[in-house]
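Observations on the three-dimensional arrangement
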Amino acid sequence: MAPTSTSEIPFGRALTAMVTPFTADGSLDLEGAQRLAAHLVDAGNDGLVLNGTTGESPTTTDAEKSDLVRAVLEAVGDRAHVITGVGTNSTRHSVELARQAERVGAHGLLVVTPYYNKPPQEGLFQHFTAVADATGLPVMLYDIPGRSAVAIEAETMVRLGEHPRIVANKDARGDLGAAAWALSRSNLAWYSGDDVLTLPLLSIGAVGFVSVVGHLVAGELRSMLEAHLAGDAAKAAEIHQRLLPVFTGMFRTQGVITTKAALALQGLPAGPLRLPLVEATGAEIDQLRKDLAAGGVHL
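Residues numbered from 1 in each chain as written. Predicted model: local features only at pLDDT ≥ 70, side-chain atom pairs only at ≥ 80, totals over all residues. Heavy atoms only, no water.

What follows is about the packing of helix H6 (residues 154-161) against helix H7 (residues 176-185). Where H6 meets H7, the closest approach of the two axes is 9 Å, and the angle between their N-to-C directions is 35°. Every pair of crossing elements has a handedness; the one defined by H6 and H7 is right-handed. Facing H6, whose interface residues are Ala 154, Glu 155, Met 157 and Val 158, H7 presents Trp 181, Ala 182 and Arg 185. Grouping the amino acids of the contact of H6 with H7 by side-chain chemistry returns five nonpolar, no polar and two charged. (Axes fitted to C-alpha atoms, helices over the stretch in contact; angles between N-to-C directions. Helix = DSSP H or I, 4+ residues; strand = E, 2+ residues; numbered from the N terminus. Left-handed = near helix turned anticlockwise from the far one by under 90°. Contact = heavy atoms within 4.5 Å. Nonpolar A, V, L, I, M, F, W, Y, C, P; charged D, E, K, R; others polar.)

Written out as structure tokens, the structure is:
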């Protein structure tokens, strides 16, 4: 039986990892962020994740992160979960960001595995525990070894799931076997963090997703989710298969690069990227148009 309670589905089911709009001169575009957030919620998202990788968090300041959360809460906080990334490879800095997020009213925290310094599993356990202990907000872990170099192993997931405020995991590990093993042993609410694996992860117990392509196809993703929940596997698979070119096209390069290009083509707030990320080339945009059109999205 699918989870239904708030405790089992702590952040809603359909979430998008939102880009951070910038103005032409590269400064934070708070009005644009509010318009984009409202558009995404109107399109079918019941949650937004701010200040993640897709939000260019490595290149935004702590003050900008706080301002972004405050602005989006003002725009959609009464009708969507607003989660903010606070994870860094410094436990002390992550704790500071978590407390800052709580002060401005965020509904929850996304905490990525510490990157670059490659801590052992005990270091991961103590890091996540310290962040969860720092506030009263619920925590979603973010397991993405392709960026962080270290995976959160199942045994560590089980231990972390015993913390009263560590309630979910965003799975971008790309390993269905590892996900199934961890799901079978923990009480964490599981969210797909890899668009092409959302339906497979739902099939083994995930409750929802944190998407990048939700910027463009939130309605279709919600329809796929609802078909799955209703037991209509054929319809869910049909939607998944129809969206495969979208998944491919959006990740031929960094997802934030293609997302900002697609939003700009739609006249939605996006703006430039901050170095070291760069704008999509003309050839990349042409290919993106073809990929999206093959999945039913015409820009």
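Now that the structure has been shown, the text picks up again.
Turning next to the layout of surface pockets. The computed volume of the largest pocket comes to approximately 1000 Å³. Looking at the lining of the largest pocket, the elements with two or more residues in it are helix H3 (91-104), strand E4 (108-112), helix H5 (145-148), helix H10 (233-250) and helix H11 (255-265). Taken together, the residues that form the lining of the largest pocket break down as 19 nonpolar, 18 polar and seven charged. (1 Å grid on protein atoms, 1.4 Å probe; cavity = no way out; pocket = protein on both sides within 12 Å on 5 of 7 lines; lining within 4 Å. Points joined across faces, edges and corners; volume = space filled by probe spheres on them.)

This part takes up the UniProt feature "site: Part of a proton relay during catalysis" (unreviewed entry) in the protein chain. UniProt annotation of "site: Part of a proton relay during catalysis" (unreviewed entry) refers to Thr 53 and Tyr 116 when read in the numbering used here. Taking the annotated residues in turn, Thr 53 line the largest pocket. Along the polypeptide, Thr 53 turns up in the loop between strand E2 (47-50) and helix H2 (62-76). With a relative accessible area of 28%, Thr 53 lands in the partly exposed category. (UniProt positions renumbered as here; feature names shortened; annotations may be inferred. Buried < 20%, exposed > 50% of the residue type's maximum accessible area, 1.4 Å probe, protein only.)

Okay, the UniProt feature "active site" (unreviewed entry) in the protein chain next. Residues given the UniProt feature "active site" (unreviewed entry) here are Tyr 142 and Lys 170. A maximum C-alpha distance of 4.7 Å among these annotated residues, which run over 29 residues, shows that they cluster at one spot. Lining the largest pocket, from the residues just named, are Tyr 142 and Lys 170. Relative to the helices and strands, Tyr 142 resides in strand E5 (residues 139-143). If we skip the residues at most four places from it in the chain, Tyr 142 touches Thr 53, Leu 110, Val 111, Val 112, Thr 113, Ile 152, Asn 169, Lys 170 and Ala 172. Mapped onto the elements, Lys 170 comes out in strand E6 (residues 166-171). We classify Lys 170 as buried; its relative accessible area is 5%.

Quick look at the packing of helix H4 (residues 121-134) against H6 now. Packed helices, taken two at a time, are described by the angle between their axes plus the distance between the axes. Close contact between H4 and H6 brings their axes to 10 Å; oriented N to C, the two are set at 25°. Classified by the angle between their axes, H4 and H6 sit roughly parallel to one another. Both H4 and H6 take part in a crossing whose hand is right-handed. Between H4 and H6, the residues in contact are Gln 121, Glu 122, Phe 125, Phe 128 and Thr 129 and Thr 156, Arg 159 and Leu 160, respectively. The residue inventory of the contact of H4 with H6, partitioned by class, reads three nonpolar, three polar and two charged. (Parallel < 35°, antiparallel > 145°, perpendicular 65-115°, else oblique.)

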